[in-house]
Amino acid sequence: MRTAPASAFGRLWQNERFLSLALVTPALLTIGALFLYPLGFSVISAFSVEDSGFGIANFTKAFDFYSNDILFTVIIVGISTVLIGAFAIAIGGYLTMGESPLAVSILKWLYRWPLFIPFIVAGQMMRTFLAKNGLMNNMIVGAGLLDPSQTTSFLDWRGIVITFVWKQTPFVALLVAGAMASLDRSTIEAARNLGAGRIRILAQIIVPQVRPTIVVGLILSFVVMMSVLSVPLMINAQNPTMLTVDMAFRINTYGDYGVANALGFISYAMTGFVAWIYLRQGVRQGGAP
Amino acid sequence: MNTTQKAAAVVFEKVSKAFGSVVAVNEVSLTVEPGTLVTLLGPSGCGKTTTLRLIAGLEMPTAGKIFIAGRDVSLLPATDRDVSMVFQSYALFPHMTVLENVSYGLRVSGMKKKQAGEKAEAVLAQVNMPGYGARLPSELSGGQQQRVAVARALVLEPQVLLFDEPLSNLDAKLRRQVRQDIRELQQNLGLTTVYVTHDQAEALAVSDSIIVMRNAEIAQKGSPRDLYEKPEDIFVADFIGDANVVKAEIVRIDGEQAIVRVGVIEIPLPHRGLTPGEVDLAIRPESVQLSNGAAGDALAGEVLKATYLGGHIEYTVATPVGELFVIDPRVHMMFSPGGTVGVSFAERGVTLVHP
Ligand SMILES: Nc1ncnc2c1ncn2[C@@H]1O[C@H](COP(=O)(O)OP(=O)(O)OP(=O)(O)O)[C@@H](O)[C@H]1O
Ligand SMILES: [Mg+2]
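Quick caveat, the model's predicted, so the values are computed rather than measured.

A. Summary view of the overall build of chain B. When its secondary structure is counted, chain B shows 8 helices and 20 strands. For chain B, the C-alpha atoms occupy an extent of roughly 80 × 45 × 40 Å along the three principal directions. Relative to its 355 residues, chain B shows a buried fraction of 50%. Looking at chain B alone, contacts between residues at least 24 apart form 66% of all its contacts between residues at least 6 apart. Just so you have it, chain B exposes about 16000 Å², and 50% of that area is on carbon and sulfur atoms. Once the 33 positive and 40 negative side-chain charges of chain B are each reduced to a mean point, those two points are 8 Å apart.

This is the structure in C-alpha cells:
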C-alpha cells in the first residue's frame, strides 16, 4: 500500500490540480461564451447558403464584389505595419542612443500622445488636416512650397495609412522602447568600441535582440487595424475601401449577414496567417515568444 | 610614429570627469608606457571604470586632455579610437555566434566575411578556443565567454587594450589561471594594456606598474614592489597587502635617513620628507621578526594568538607599540600563545608613511 507521506502528497497534488482547474474555469467559460460561440456562429453563417445548407456561395459573392477591397485592405494594413515598425524602431533607437538629453526627454514626452486619442477622433483630426484645403496644405502653401492650385487631398488610401501610422506607432514604440531600455547597455557600448556607428548598432545589435517584442507589437497593431471601421469610414469610404466598411455596409444596407461573415472570416484568416508566422518564429527561437 | 610597432602610449593631462555634481575623476595625470600593463587599483567608486571609459571614449572628459600615441583624442568618439575594451560583463552579442562576435569589429571596418572569419578563427585559437565558432555565447561557460570577449578585443590589433575587472565573474582557481593567460598574451603581443581591478593580489601579479586611486584621484603610482615596500601613506599601505601601522618618533634627520624610535629600538629609514616628531610607521606582517626571549635590541612582546596555516604561521603579538599582526614562514618552530618573544624589524617592508 502507499505510505502516508506519499498519499498526503498525492492528495495535495490532487487538491492543487482541482484548485488550478477552478481558477481557469471562469476564464475558459468567458472565452467560450463571448468569443468561441460567436466565432463559431459567424463561421457557420459564412458557410451557410439559404436553401441548400452549406456551401461557399457567400465567399464567391464576397470575392466577386470585394476582391479589390480585400487586396486594398491587405496592402493598406501591410504598408501601415511596415511604416509603424520603422517609426517605432527609430523612436526606440533614439530614446536608447540619443545624444541630447533634452531631445530625448521631449521625444519621450511627446510620442505617446496619440495613444490616448480614440480612432474616431484621430480620423476626424486627419480629415481637417489632410483635406485639399486642410491644415497641412495651408501650411505648405503658407511656406511658399506649393501653389494653392497644386495641392491635392490626401483623403484616400494615403490618409488611412497616415492615420493608422500616427495612431499605432506610439503603441508599438512604447513596447519596443521598453524592451530596448532593458537591454544590457554594455552590448551597445561594446559595439561602439568595435567601431560601429549608430545606425549599424540599431540594425545589427539592438533590433535583433528586441525582435520578438517588435513582432508582437506589430501583430497586435495589425489585428487592430484590420478591425477599425471609423478611420476608413471617415477618411475614405469610396471605392476601393477596407473590409470593415464593406461588412458594415452588407449588414446595414442589405441585412446580408452571410457575406458580411464571409468577409469577417477572410479577415480572421489574414490575422491568423500573421499570427502563425509569429508563432513559427517563436518556436524557431526556442520557446518563449 | 613607428607604424610597425602598434603599441601606443596613453597620457592623461589633468583629466577630470564629473557627472553632474559627482566628480568621478579629478585632475588625474598619468602615463602608460607603450607595451606595458598598468593596473588601476582602488576601492569601489573611486573612479577606475570611469578612467577606463575615458580612454575608450565611452565618456568624454569635462576638463583636461587625453593623448593616445601622441595624438590628442580628448574629443574623439569611441567609434574612431583604436582602443579595444573587455567589459566586466563581457558584453558578448547574445544573438550572434562566437565567430560572428569575434569577427564583428573586422566586418564593421569593411573586411570581407570570409577573410574576417579566418582571422577570427586564428585569434580564437590564440585564446585556446578553437572550434567554438558556431556556438552561441549562452552555450559557453563563464571562462569561455571571457576568452571570447578577449578574442573579440584582440582581433582588431588595437593600440590599447582595456580590461574592466575581467576576472570578477570567475571562480578563484580559474581567476589565477586566466590572469596568467592575459599577462602572457599581453607580453607576447607587446600590447599597451590598462587593467582595472579592486583585488590587490591580482594587481601585484599582473602589472608592470600600478596606479592606486582614492576618491577620484591618484593616491600613488609605481611598480608593484615599490607600492608594496614603500607605500606613501596609510591608505596605500593598508590597501596593498596587510600592514601594521604603529606610532613612532623621528629622533633626528641624518642626510637621507631619519633615525626612528619605535618603543625601545631605533632604526634608520628613508625620511621621505618627514620632519622630527611623531610619525606613522607601516610594517608588513612578514617584516616583523620574532625571536626567543627579549634580547637587548628588540621589543618585548607577548604572543596572543598563533595560527598554523601550512605554508606559514600567523601570530598576533602584543607589544609596547600596539598589537602586531605577524606572518612567519618558519613553520618548524612555533611560539605558543602566552609566551614571551623578542620583536624586531627586517630592513625591507618597514616604511614611514604620510598620515
Ligand atoms: N553614468 C554615471 N552617472 C553618474 N554618476 C556616475 C556615473 N558613472 C559613475 N558615476 C559615479 O562616479 C564615481 C566613480 O564611478 P566608477 O564606476 O568609475 O567607480 P569604480 O572605481 O569603477 O568602482 P567599482 O569598483 O565599484 O566598479 C562613483 O561615485 C559613481 O557613482
Ligand atoms: Mg568599476
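B. Layout of the overall build of chain A. From N to C terminus, chain A includes 11 helices and 2 strands. Overall, chain A shows an N-to-C arrangement of helices and strands of α-β-β-α-α-α-α-α-α-α-α-α-α. A compact globule built from 289 residues should have a C-alpha radius of gyration of about 19 Å, whereas chain A, at 25 Å, is more than 25% larger. For chain A, the spread of C-alpha atoms along the three principal axes comes to 95 × 70 × 30 Å.

C. Highlighting the interface of chain B and chain A. Between chain B and chain A, the residue contacts involve 23 residues of the former and 17 residues of the latter. Where chain B abuts chain A, roughly 1700 Å² becomes buried across the two surfaces, and 58% of that area is made up of carbon and sulfur atoms. The interface formed by chain B and chain A holds 1 salt bridge in total. Put simply, glutamate 189 of chain A and arginine 53 of chain B hold a salt bridge, and the shortest N to O gap is 2.7 Å. For the pair chain B and chain A, the number of links is 6 residue pairs in polar contact (both at pLDDT 80 or more). At the level of elements, α1 (48–56), β6 (83–86) and α2 (98–108) of chain B are the ones that each hand at least two residues to the side of chain B that touches chain A. For the side of chain B that touches chain A, the element with the most residues is α2 of chain B, which contributes 4 residues. Of the residues belonging to the side of chain B that touches chain A, the class tally is 14 nonpolar, 6 polar and 3 charged.

D. Highlighting helix α6 (residues 157–181) of chain A. In this model, α6 of chain A (25 residues) spans 35 Å end to end at C-alpha, consistent with the 36 Å of a helix rising 1.5 Å per residue. Helix geometry: α6 of chain A is bent most strongly at glutamine 168 of chain A, by close to 35 degrees, with proline proline 170 of chain A lying one to four residues after it.

E. Examining the side chain of threonine 151 of chain A more closely. Residue and element names in this part refer to chain A. Topologically, threonine 151 is positioned in the loop between α5 (135–142) and α6. Judged by relative accessible area, threonine 151 falls into the buried class, the value being 7%. At a separation of 2.8 Å, a polar atom in the side chain of threonine 151 contacts the main-chain carbonyl oxygen of proline 148. Dropping the residues within four chain positions of it, threonine 151 is found in contact with Lys132, Asn137, Val141 and Leu146.

F. A look at the nonpolar core. With 99 residues, the main nonpolar core has Phe164 of chain A together with Phe12, Ile55, Ile68, Tyr104 and Leu162 of chain B as its most contacted residues. If you look at the next biggest cluster of nonpolar residues, it comprises 32 residues, including Val102, Met111, Val148 and Leu167 of chain B.

G. Geometry of the pairing of strand β3 (residues 37–41) of chain B. All names here are of chain B. Counting buried residues in β3 gives 5 out of 5 residues, a clear majority hidden from the surface. A two-sided burial pattern is seen for β3, the buried positions comprising Leu37, Thr39 and Leu41 on one face and Val38 and Leu40 on the other. In terms of strand pairing, β3 meets strand β8 (residues 192–197) through 5 bridges, oriented parallel. Within β8, the position partnered with leucine 37 by the bridge is threonine 193. Of the strand pairs in this sheet, β3 and strand β9 (residues 209–214) are connected by 4 bridges, and their pairing is parallel. In the strand pairing of β9, valine 38 is matched with serine 209.

H. Structural context of the pairing of strand β10 (residues 217–222) of chain B. Residue and element names in this part refer to chain B. In this structure, β9 lies alongside β10, joined through 5 bridges in antiparallel fashion. When the bridges of β10 are listed, valine 212 appears paired with glutamine 220. Counted between consecutive antiparallel strands, the loop separating β9 from β10 contains 2 residues, among which asparagine 215 sits at a positive phi close to 45 degrees.

I. Main features of the site of ligand 1. All names here are of chain B. Around ligand 1, the surrounding shell consists of Phe19, Val22, Ala24, Ser44, Gly45, Cys46, Gly47, Lys48, Thr49, Thr50 and Glu165. Glycine 45 places a main-chain nitrogen or oxygen 2.7 Å from an oxygen atom of ligand 1. Contact distances for ligand 1 include 2.6 Å between an oxygen atom and a side-chain N or O atom of threonine 49. Taking 630 Å² as the accessible area of ligand 1 by itself, protein coverage stands at 60%. Counting residues per element, the shell around ligand 1 draws most heavily on α1, at 3 residues. Residues belonging to the shell around ligand 1 are distributed by class as follows: 4 nonpolar, 5 polar and 2 charged.

J. Main features of unusual backbone geometry. Residues and elements named next belong to chain B. The residue alanine 69 is not glycine, and still its phi comes out positive at about 55 degrees. With respect to the helices and strands, alanine 69 occurs in the loop between β4 (63–68) and β5 (71–72). We note that glutamate 165 has phi near 40 degrees; this positive angle belongs to a residue other than glycine. Mapped onto the elements of the fold, glutamate 165 is located in the loop between β7 (160–164) and α5 (172–189). You can call glutamate 165 buried: its relative accessible area is 10%.

Rules used throughout
Residues numbered from 1 in each chain as written. Chains lettered and ligands numbered in written order. Predicted model: local features only at pLDDT ≥ 70, side-chain atom pairs only at ≥ 80, totals over all residues. Heavy atoms only, no water. Helix = DSSP H or I, 4+ residues; strand = E, 2+ residues; numbered from the N terminus. Buried < 20%, exposed > 50% of the residue type's maximum accessible area, 1.4 Å probe, protein only. Contact = heavy atoms within 4.5 Å. Areas by Shrake-Rupley, 256 points an atom, 1.4 Å probe, with all protein chains shown as cover. Lys, Arg positive; Asp, Glu negative; His and termini not counted. Charge placed at Lys NZ, Arg CZ, Asp CG, Glu CD. Rg over C-alpha atoms; globule rule 2.2 N^0.38 Å. Buried area = accessible area lost by both parts, 1.4 Å probe. Salt bridge = Lys/Arg side-chain N within 4 Å of Asp/Glu carboxyl O. Polar contact = N/O pair within 3.5 Å; in protein donor to acceptor, adjacent residues only side chain to side chain. Nonpolar A, V, L, I, M, F, W, Y, C, P; charged D, E, K, R; others polar. Expected span 1.5 Å × (residues − 1). Bend = angle between axes of the 7 residues up to and from the residue. Core = buried A, V, L, I, M, F, W, Y, C linked by side-chain atoms within 4.5 Å. Pairing = 2+ DSSP bridges. Near = heavy atom within 4 Å.

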